[in-house]
Each structure stands twice: as structure tokens, then as C-alpha cells.
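One letter stands for each residue in the lines below.
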Amino acid sequence: MSAHLSMSDLGTPLSEVTFVAIDLETTGSSARSGSSITEIGAVKYRGGIEIGSFQTFVNPEESIPAYITVLTGITDAMVINAPKISEAFPALLEFLGSPKETVLIAHNAPFDISFLRAAASELTYKWPNYRVFDSAKLARRALTRDEVRDCKLATLAGYFTTQIQPNHRALSDAQDRKSTRLNSSHITISYAVFCLKKK
């Protein structure tokens, strides 16, 4: 089972940790109900520097519901020639690297991780036990209602004045997650240092 952490759980200076901010787009809200991944976006960084990115559409082998197309802009035509999850998933794991070295970041992490675990199960892979930060949970701990009305990614992007705005597309949303964490005057480094000092 993936471990969902607070910053103080790492026990390692943040500058020495490899983070991967990851975001998925899907055909629905639950992997258990049969929804599938349509896009994977991930950004890897270390010491505050982006060192790689991963993006691919995924052919879900089913029609994308109209309301999902309205939300994400992803159409059946965009994924028809994309790799299936059986091809995309091993490539993603290779990009993520070892769970001993990589920490995942996702906004509302249980959603994304549930789809990745479902894909692993479907393909008979053992899901690597990555450490996971939920940026929504971290934001709820770090910010008050006086500062933000909610902890949705779009709200946080506006509060932290990130250069990339979330748009329900996997790579740009992952980059936005990365951007909010790299803003040393806001939620990421300042709160991380605070947590580490409280150890």
C-alpha cells in the first residue's frame, strides 16, 4: 500500500529528494467502477530543478463520456491511436524510478493512486510502494479559510500565483503541482522547513 506522508516523515533534506508530481485524466471518477486512464502527465524534479517529464495519452478502449470531454478536452479521436495501458504503464514505471528514491506528489492523491494501483493489478504488476504526498491534504494543513476558500488546484494556483494554470490536462496539472511546491515563499519549502524543524 502506498504511504501517504507529511513533509516531516521524509527524514531527508528536501534538496536531496527526487519528487514526481503526477496527474491522471480518466473516463470517470472510480477505477473500481470500471473507469480507465486517458492521459498521464508527470514531472520529475530534484533540488528545485526540473529533471524530466512524462506525458502520454492512453487508449481506454472505450468511448469517453461527453461530460468528460467537456471537462478535459480529451476526445475519442485524440486517444484512438494512443498506446494502451499495457504499453503506457511500464513506461511510466520506468520514468518514476525506484520507490526507494522517488516520492510522488498528487492533488487528491487517493484518486490518482487508485487508478495506478488498478492498472498494476490488471497487468499483474506489483505496485511499487512509493511514498506519496497529497498536496490537497498538505494545503489544508498549511492554509486557513481566511487565506483560501478551498484547496482545489485552481484556487491554490491563483493564491500562489503560479505560471501554469490547471486545466484538467495531465501534464500541465502536474507542472502546476510542481510549481506550487517550488515557490519557496509559500506552501512548499517554507512549510516543509517548518515541519522538519518540528521533528
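Residues numbered from 1 in each chain as written. Predicted model: local features only at pLDDT ≥ 70, side-chain atom pairs only at ≥ 80, totals over all residues. Heavy atoms only, no water.

Chemist: Give me helix H3 (residues 85-96): which residues, what numbers.
Modeler: The first and last C-alpha atoms of H3 sit 16 Å apart over 12 residues, in line with the 16 Å expected at 1.5 Å per residue. Looking at the packing, one finds that the buried side of H3 touches strand E2 (18-26), strand E3 (37-46), strand E4 (49-57), strand E5 (102-106) and helix H4 (109-122). Following H3 by one or two positions, Gly97 adopts a phi angle in the positive range, close to 85°. (Helix = DSSP H or I, 4+ residues; strand = E, 2+ residues; numbered from the N terminus. Expected span 1.5 Å × (residues − 1). Contact = heavy atoms within 4.5 Å.)

Chemist: Would you mind going over the pattern of salt bridges in detail, with residue names and values included?
Modeler: The full count for this structure, using the stated rule, is 2 salt bridges. Linking Glu61 and Lys84 is a salt bridge whose minimum nitrogen-to-oxygen distance equals 3.6 Å. Pair noted here: Glu61 is in the loop between E4 and helix H1 (66-72) and Lys84 is in the loop between helix H2 (76-79) and H3, with a separation of 23 residues, a long-range link. Taking relative accessible area as the criterion, Glu61 reaches 55% and is therefore assigned exposed. Given a relative accessible area of 36%, Lys84 falls into the partly exposed group. A salt bridge links Asp150 to Arg149, with the shortest nitrogen-to-oxygen separation between them at 3.6 Å. (Salt bridge = Lys/Arg side-chain N within 4 Å of Asp/Glu carboxyl O. Buried < 20%, exposed > 50% of the residue type's maximum accessible area, 1.4 Å probe, protein only.)

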